[in-house]
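# Notes for the structure review
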Amino acid sequence: MASVLILMGSKSDWPVMQHAATMLEELGVSWEARVVSAHRTPDLLQTTMAEAEQTDVKVIIAGAGGAAHLPGMLAAFTCLPVFGVPVPSKQLKGLDSLLSIVQMPKGVAVGTLAVGQAGAANAGLLAAQVLGTTNPAIQDAVRAFRSKQRETVLENSTLELDK
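The following refers to the structure shown.

Conventions we followed
- Residues numbered from 1 in each chain as written.
- Predicted model: local features only at pLDDT ≥ 70, side-chain atom pairs only at ≥ 80, totals over all residues.
- Heavy atoms only, no water.
- Buried < 20%, exposed > 50% of the residue type's maximum accessible area, 1.4 Å probe, protein only.
- Helix = DSSP H or I, 4+ residues; strand = E, 2+ residues; numbered from the N terminus.
- Pairing = 2+ DSSP bridges.
- Right-handed = clockwise from strand over helix to strand, strands pointing away.
- Contact = heavy atoms within 4.5 Å.
- Polar contact = N/O pair within 3.5 Å; in protein donor to acceptor, adjacent residues only side chain to side chain.
- Core = buried A, V, L, I, M, F, W, Y, C linked by side-chain atoms within 4.5 Å.
- Axes fitted to C-alpha atoms, helices over the stretch in contact; angles between N-to-C directions.
- Parallel < 35°, antiparallel > 145°, perpendicular 65-115°, else oblique.
- Left-handed = near helix turned anticlockwise from the far one by under 90°.
- Nonpolar A, V, L, I, M, F, W, Y, C, P; charged D, E, K, R; others polar.

Once that is clear, we can look at the pairing of strand β3 (residues 59-65). Counting buried positions over the seven residues of β3 gives six, a clear majority of the element. Summarising the sheet, strand β1 (residues 4-8) and β3 pair through five bridges and their orientation is parallel. Residue pairing for β3: M8 is matched across the bridge by G63. In this sheet, strand β4 (residues 82-87) lies alongside β3 in parallel orientation, the contact comprising six bridges. By the bridge assignment for β4, G65 is matched with V87. For the crossover that starts at β3, traverses helix α3 (residues 70-76) and ends in the parallel β4, the hand is right-handed.

So, in structure tokens, the structure goes:
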């Protein structure tokens, strides 16, 4: 199994969650993605966490929309770090997902990222930063990513304005 396990409640969450996978790939981090529903397959959720703890998985990224119980339920079954990505919903545009994930009770930790694609990408970056604490190659990749971002900003820091 990969270093990072990306889980989502439904295949329809993939257009958002793929941004975590893209970031991980860019930083040279192995990942695997699966669909596990907190509501429809709670038994699969529990066995997936037991399996993850017995393999090379170091970080879980969980995307969920609506009631967004997936990240919290996963965290209840593992001591691995869980990062929750609120997936935008049709009704409330992800506010419901964000509020659900961010209100974890004391004693069950879930790191909550931004709603949508930015949150998914940052979850991948944060997972790489965690892995980089013990893997110099990943830490170097994160540093290179940051440097590239800085250079892009500097290249675009002056504006040619029409007079």
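There's plenty left to go through after this.
Okay, the environment of I60 next. Structurally, I60 is set in strand β3. A sequence separation of 28 residues divides I60 from P88, and the C-alpha atoms of the two residues are 19 Å apart. Not counting residues within four places of it along the chain, the set of residues in contact with I60 comprises L5, L7, M49, A52, L74, L80, P81, V82 and F83.

Of note, S89 is situated in the loop between β4 and α4 (95-102). In terms of polar contacts, S89 uses its side chain to reach the backbone amide nitrogen of G94, at 3.5 Å. Within polar-contact distance, the side chain of S89 engages the side chain of D96 at 2.9 Å. Beyond its immediate sequence surroundings of up to four residues, S89 is in contact with G66, G94 and D96.

The subject of this paragraph is the nonpolar core. Among the nonpolar cores identified, the biggest contains 27 residues, and V4, I6, M17, L27, V29 and I61 are the most heavily contacted of them. When residues of this core are traced back to their parent elements, those giving at least two are β1, α1 (14-26), β3, β4, α5 (117-132) and α6 (136-155). Sort the elements by how many residues they give to this core and α5 lands first, with seven residues. Discounting chain neighbours no more than four positions away, the residues touching V29 are S3, V4, L24, A128, L131 and I138. Residues L7, V36, M49 and I101 belong to the second largest nonpolar core, which totals 19 residues.

A few words on the packing of α1 against α5. Contact pair α1 / α5: the axes reach a minimum separation of 7 Å and the direction vectors enclose 30 degrees. Judged by the angle between their axes, α1 and α5 are roughly parallel. Considering how the two elements wind past one another, α1 and α5 form a crossing that is right-handed. Facing P15, V16, M17, H19, A20, M23 and L24 of α1, the residues of α5 in contact are Q117, A120, A121, G124, L125, A127 and A128. A breakdown of the residues in the contact of α1 with α5 according to their chemical character gives 11 nonpolar, three polar and no charged.

Moving on, we come to the sheet that holds β3. One open sheet holds the five strands; their spatial order is β2-β1-β3-β4-β5, and the pairing between them is parallel. Each having just a single partner strand, β2 (31-35) and β5 (111-112) make up the two edges of the open sheet. Pairing geometry for β4 and β5, over two bridges, is parallel. Its bridge partner lying in β5, F83 is registered against G111.

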